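# Results of the structural survey
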Amino acid sequence: MLDEKAKRTLLRNIPHPLNICGVKEGDDVNGFTLSWMTQASFKPPMIVIGVRQDSRSHAMIKASQVFAVSFLEVSQQDLAETFFKPQQRTGDKFGDVEFYLGEETGCPIIASALGFVECQVKGSLEEGDHSIFMGEVIAAGQHREGQPLWMKDTPWQYGG
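So, here's what we can say about the structure. Note that this is a predicted model, so its numbers are computed, not measured.

What follows concerns the overall build of the protein chain. Summing up its helical and strand segments, the protein chain has three helices and 11 strands in all. The N-to-C order of helical and strand elements in the protein chain reads α-β-β-β-β-α-β-α-β-β-β-β-β-β. Its C-alpha radius of gyration of 15 Å places the protein chain within 12% of the 15 Å reference for a compact globule of 160 residues. Across its three principal axes, the protein chain shows a C-alpha extent of roughly 50 × 35 × 30 Å. The buried share among the 160 residues of the protein chain stands at 41%. Long-range contacts, defined as pairs at least 24 residues apart, comprise 66% of the intrachain contacts of the protein chain with a sequence gap of at least 6. Counting every atom, the protein chain has about 8,900 Å² of accessible surface; 52% of that belongs to carbon and sulfur. The averaged location of the 21 negative side-chain charges in the protein chain is 5 Å from the averaged location of its 15 positive side-chain charges.

Right under this line is the structure:
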């Protein structure tokens, strides 16, 4: 028997980092707030991300088989909030947010983030309302040091 209240309470206790996922398809780039991510392998280095199946970004990842993750700092909650609605490019910015394109994937990377990883999709699983994409980390860089932003640092809840 599934106790809905217990399920919601327990699943919302899973720690979630808040980052920005940059995606591309051809010359079109997009970014969204990513809250489901974990490291899945050391050799080769791999991460897993969860992406809503009904999103444009999901379709872009499926088409291009690449994505980039920009790691946010605890003071960048405003960026996480901005990207809850996917942001599209205007020149070299997402609105007022500066980015550049990754050398390996061509996906957008947030210039003010702590750093980034660029990934090549190695597998996916499409079940439920989100898919998971397993990406091999093919490039990484650190812009600066700082404390990462976690869902627990915000008043938001996602999951459960």
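What follows is about unusual backbone geometry. Of the consecutive residues Lys 43 and Pro 44, the connecting peptide bond is found in the cis state with omega at -5°. The residue Pro 44 is located in the loop between strand S3 (37-41) and strand S4 (46-52) in this model. Although it is not a glycine, Gln 65 adopts a positive phi angle of roughly 65°. Within the secondary structure, Gln 65 sits in the loop between helix H2 (56-64) and strand S5 (66-71).

Glancing now at the pattern of salt bridges. Should their charged atoms come close, side chains of opposite charge can pair. Inspection of every chain in the model, using the stated rule, returns seven salt bridges. Salt-bridge contacts for Glu 126 lead to Lys 62; the nearest nitrogen and oxygen are separated by 3.1 Å. With Glu 126 in strand S10 (residues 115-127) and Lys 62 in helix H2, the pair connects residues that are 64 residues apart, well separated along the chain. For Glu 126, a relative accessible area of 36% corresponds to the partly exposed category. A salt bridge links Lys 122 to Glu 136; its shortest N-O distance comes to 3.6 Å. Of this pair, Lys 122 sits in strand S10 while Glu 136 sits in strand S11 (residues 130-142), and the two are 14 residues apart along the sequence.

We now examine H2. Those residues of H2 that sit buried are Ser 57, His 58, Met 60 and Ile 61. Along H2, the residues classed as buried sweep out an arc of 160° about the axis, all on the same side. If you follow the buried residues of H2, they end up packed against strand S1 (19-25), strand S2 (28-34), S4, S5, S10 and S11. Of the residues one or two after H2, Gln 65 is the one with positive phi, at around 65°.

Thresholds applied
Residues numbered from 1 in each chain as written. Predicted model: local features only at pLDDT ≥ 70, side-chain atom pairs only at ≥ 80, totals over all residues. Heavy atoms only, no water. Helix = DSSP H or I, 4+ residues; strand = E, 2+ residues; numbered from the N terminus. Rg over C-alpha atoms; globule rule 2.2 N^0.38 Å. Buried < 20%, exposed > 50% of the residue type's maximum accessible area, 1.4 Å probe, protein only. Contact = heavy atoms within 4.5 Å. Areas by Shrake-Rupley, 256 points an atom, 1.4 Å probe, with all protein chains shown as cover. Lys, Arg positive; Asp, Glu negative; His and termini not counted. Charge placed at Lys NZ, Arg CZ, Asp CG, Glu CD. Salt bridge = Lys/Arg side-chain N within 4 Å of Asp/Glu carboxyl O. Arc of directions from axis to C-beta.

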